[in-house]
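Listed below, chain by chain, are the residues.
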Amino acid sequence: MSTAISELRTISTGDAIREGLTEVAIKNPSVIFFAEGVADPSSVYGTIAGLSKHIGKERIIEMPVAENALTGVAIGAAMVGKRPVLSFHRVEFALLAMEQIVNNAAKAHYISRGRHRVPLVIRLVVGRGWGQGPEHSQSLETMFALVPGLKVVMPTYPRDAKGMAVAAVEDDNPVIMIEHRWCHYARGQVPSGYYAEALDGPRAVHEGKDLTIVSSSYMTLEAVRAAEQLEKLGYSATVFDLRVVRPLILDRVFASVARTGRLMTVDTGFRKFGIGAEIVSETVVNCYDALKAAPVRIGLPDHPTPSSRGLIPGIYPDAARILREAGTELCVDQDRIEAAVAELEVQRKGLPIDVPDPFFKGPF
Amino acid sequence: MTDLTVSQTPTAQKLLHEMLFIRLVEETIAARYAEQEMRCPIHLSVGQEAAAVGVCQALRPADRVFSTHRCHAHYLAKGGDLRPMLAEIYGKAAGCIGGRGGSMHLTDPEKGMIASVPIVASSIPLAVGSALADRIDGADRVSVAFFGDASVEEGVFHESANFASLNKLPVLFVCENNLYSVYTPLAQRQPARPLAEVVSGHAMKVLSADGNDVEAVLRASLEAAEHARSGKGPVFLVFNTYRWREHCGPNFDNQLGYRTEAEYLEWRARDPIECLKSKLASSGDLDERDLQKTQEEMQREIDDAFEFARAAPLPDPSQASQFVYA
């Protein structure tokens, strides 16, 4: 944290991102914004609302529905000194812009032998619930993480999200910031004023000694919930919020696995070829002798995500599944695990499967 | 060569020298390519020099150019240095970008040659972004996107044109129509209509000129640059021209049959350099002996630059992992 904290308030991750982007735009006149409906009544779920009260209208650019070109326009502006922030309402719209992202944003610095810089932030929102369906709910972080030259971050908690948004804009590289829609609703204590959170890798958000869980974005909230239940059974897990997918810095995870001997990964995206695959692979290579059990990966099944709430039970990982898998990993008596899972279900109070759980309130 | 960009209208002599220099450089590349020391794909502009020179001579040094895989002529016309260009094509550390891009990525930001991107139409929105930044900053600059006839088939061209026109950005969209995308003629790729009409729905100024008449290209480009610079919006420029040699490589390929020898000879007879020379000769402004002397000087400079590039060291392998992140 770079500056003094003046005040802590409890706000949502979505509002925290808006605060961070507003603060950095006020501080740095090079910051410009692009979005479809950049100043409409919604302003990307409120995350860029009210900018015109603080900065000139020429810096708030309405984006025609032309994702590839406007991404290229932002890259071109970045190459000559601007710090553009592009916001897409869903990850899937960025697929139209992959050519510009992969060929120009990720490579301009490299090809030019450092002459060009592309200080660009591309915000992508992962949808979930209320029947989003197969093309409004994809968590495709590994598609971006595959490409050297890009940074990929996935903030979860409000305080982190504000600081990471600021850090992403301050960064001289293209940063893909993937925001889970359900994280937008999570509330927690957030400092007012300007601060940046370093994009320096995973952060332990829950401490334990028997199991290391590495989860990303919204899945961290579920993993922490599972870890809390696990403690009632006399076991404990360290939960890392991954935060930064690329560059993937796993030193803290290796150190934890060296102590616990057990690793679980929980992705918001697909299990196969997911972040978990890379984390497990790196961890096995680095911590082979310390492992007491085979690592376990949790993620989405190997098919698209349908719209109907009748079709989605079992698709999204949740605290119950994480708890069951942890139980297997730690050889906990199955009846005890099922009792803890039943307790989780009572806590949900019959909430439908396709709406966010208000459990995720701060302070985090 | 001295600075290739000037603020006043250049003389015909100057235009001739610019084109001749580019021609000699590329003919030397073609002649020496078989030595297999230039080990990267090359896309020569031989026959198309008038478009590069006519446009760039209408620009100011601070104006910015974005190009494609076929970027040699644009690079040189915008004032890019020859030695770093050749060293880049030879894959040497002294290359303009240290051997990271080769022939298709020629870059010289100090001269306003910002980027060359070999994916069709990919650099067009970069030029628009540069113009947007200038608009926000109130800078008195024009950004130029050079591209070929196939680029107007790409969605990103139309997306860029729409945005530039909407915001009246100072961009010149320069379409060098050389009639072929690799081996495929225009008629197999686009409906029969003048290329200039491609942007009729984007509400922008359109100018076209004979792409082999450098003076006509210059006149159109001066008008376009003035229009864009004065805040009236982007201009789409169409210059019909012809690539003499194969799409990629140093050879002639008319024997393949995708175009006729007769068509080639017709365009060859309209060589932009010879056309300008004839015009100067007919008005009594061509000193053959002087031009011969200039050409010999140019060739010596070019040969020296080739020798420099050939002899220069390769980059160290450790450099390959540098500059991934700023």
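Criteria and thresholds
- Residues numbered from 1 in each chain as written.
- Chains lettered and ligands numbered in written order.
- Predicted model: local features only at pLDDT ≥ 70, side-chain atom pairs only at ≥ 80, totals over all residues.
- Contact = placed C-beta atoms within 7 Å.
- Helix = DSSP H or I, 4+ residues; strand = E, 2+ residues; numbered from the N terminus.
- Nonpolar A, V, L, I, M, F, W, Y, C, P; charged D, E, K, R; others polar.
- Pairing = 2+ DSSP bridges.
- Axes fitted to C-alpha atoms, helices over the stretch in contact; angles between N-to-C directions.
- Buried ≥ 20, exposed ≤ 12 C-beta atoms within 10 Å, placed from the backbone.
- Domains from an automatic or database assignment.

Details of the interface of chain B and chain A
Often, the extent of an interface is quoted as the loss of accessible area on bringing the components together. Taken together, the 32 residues of chain B in the interface contact 35 residues of chain A. Counting only elements with at least two residues in the side of chain B that touches chain A, the list comes to strand S2 (113–116), helix H5 (124–137) and helix H6 (155–166) of chain B. In the side of chain B that touches chain A, the residues fall into 20 nonpolar, 10 polar and 2 charged.

Here's the deal with the sheet that holds strand S10 (residues 211–215) of chain A
All names here are of chain A. The strand order across the open sheet built from 5 strands is S9-S11-S10-S13-S14, with neighbouring strands paired in mixed fashion. On the outer flanks of this sheet lie strand S9 (203–206) and strand S14 (296–300), each paired with one strand and no other. Ignoring strand direction, the axes of neighbouring strands in this sheet form an average angle of 25 degrees. Here S9 runs beside strand S11 (residues 237–241); their pairing, made up of 3 bridges, is antiparallel. Within S11, the residue paired with His 206 across the bridge is Val 239. Across the sheet, helix H8 (residues 218–232) touches S9, S10, S11 and strand S13 (263–270), and the angle it forms with S11 is around 170 degrees. Helix-sheet contacts for helix H10 (residues 275–287) involve S10, S13 and S14, and the interaxial angle to S13 is about 155 degrees.

Some remarks on the sheet that holds strand S12 (residues 244–246) of chain A
Residue and element names in this part refer to chain A. Strand order in the open sheet formed by 7 strands is S3-S2-S4-S5-S7-S6-S12, with mixed pairing between adjacent strands. Each end of this open sheet is capped by a strand with a single partner; those strands are strand S3 (60–62) and S12. Put simply, the sheet's adjacent strands are angled 20 degrees from each other on average, direction ignored. Examined bridge by bridge, strand S2 (residues 31–35) and S3 share 3 bridges and lie parallel to one another. Looking at the pairing, Phe 33 lines up with Ile 60 of S3.

What to know about the environment of Gly233(B)
Residue and element names in this part refer to chain B. Structurally, Gly 233 is set in the loop between helix H7 (214–229) and strand S8 (235–240). You can call Gly 233 partly exposed: it has 19 C-beta atoms within 10 Å. Taking the C-alpha atoms as reference points, Gly 233 and Leu 172, 61 residues apart in sequence, are found 9.1 Å from one another.

Quick word on the domain arrangement of chain A
Residue and element names in this part refer to chain A. When the domains of chain A are assigned, the result is domain 1 (8–191) and domain 2 (203–345). Relative placement of domain 1 and domain 2: their C-alpha centres are 27 Å apart. Taken together, the contacts link 24 residues of domain 1 with 23 residues of domain 2. Taken together, the elements giving at least two residues each to the side of domain 1 that touches domain 2 come down to helix H5 (141–145), strand S6 (151–153), strand S7 (175–180) and helix H7 (181–185). Its residues assigned to classes, the side of domain 1 that touches domain 2 shows 13 nonpolar, 8 polar and 3 charged.

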